[in-house]
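Residue-level listing of the chains:
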Amino acid sequence: MTGRPRPQPPPGGLLDWRDQSHWSWTAKPCRYCDRPTHLRDSKRSPAHKTCAEDALAQQAAEAADAYRTDTL
């Protein structure tokens, strides 16, 4: 099977948060770990990039497991 090549993640991880919309001058608690962060996710919720990537990886693993066990 000849499909499209898999896209490569940006340097530094899965998410590309180089855009200024992911920054805030006000530090707020991360939605995942409660430590302060100036970063914001795509919905403007406070989140560290690494915390958001870990959460996405966990969600993907759970979805793959549910697919394998036919619980979707």
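Here, the structure is the one placed above.
Bear in mind that the values here come from a model prediction, so they are computed numbers and not experimental data. (Residues numbered from 1 in each chain as written. Predicted model: local features only at pLDDT ≥ 70, side-chain atom pairs only at ≥ 80, totals over all residues. Heavy atoms only, no water.)

## Observations regarding the overall build of the protein chain
Along its length, the protein chain carries 1 helix and 2 strands. The proportion of buried residues among the 72 residues of the protein chain is 24%. Here the contacts in the protein chain between residues at least 6 apart in sequence split such that 20% fall between residues at least 24 apart. Of the roughly 6,100 Å² that the protein chain leaves accessible, carbon and sulfur atoms contribute 54%. (Helix = DSSP H or I, 4+ residues; strand = E, 2+ residues; numbered from the N terminus. Buried < 20%, exposed > 50% of the residue type's maximum accessible area, 1.4 Å probe, protein only. Contact = heavy atoms within 4.5 Å. Areas by Shrake-Rupley, 256 points an atom, 1.4 Å probe, with all protein chains shown as cover.)

## A closer look at the pattern of salt bridges
As a working rule, side chains carrying opposite charge can pair if their charged atoms are close by. In total, this model carries 3 salt bridges according to the counting rule given. A salt bridge links D41 to R31, with the shortest nitrogen-to-oxygen separation between them at 2.7 Å. Of the two residues, D41 sits in the loop between strand 2 (36–39) and helix 1 (49–68) while R31 sits in the loop between strand 1 (23–29) and strand 2, which places them 10 residues apart along the sequence. Classification of R31 by relative accessible area gives partly exposed; the value is 48%. The partner of E53 in a salt bridge is K49, with the nearest N and O atoms 2.7 Å apart. Of this pair, E53 and K49 both sit in helix 1, 4 residues apart, which is roughly one turn of the helix. Accessibility expressed as a relative area gives 13% for E53, which makes it buried. When its relative accessible area of 19% is taken as the criterion, K49 is described as buried. (Salt bridge = Lys/Arg side-chain N within 4 Å of Asp/Glu carboxyl O.)

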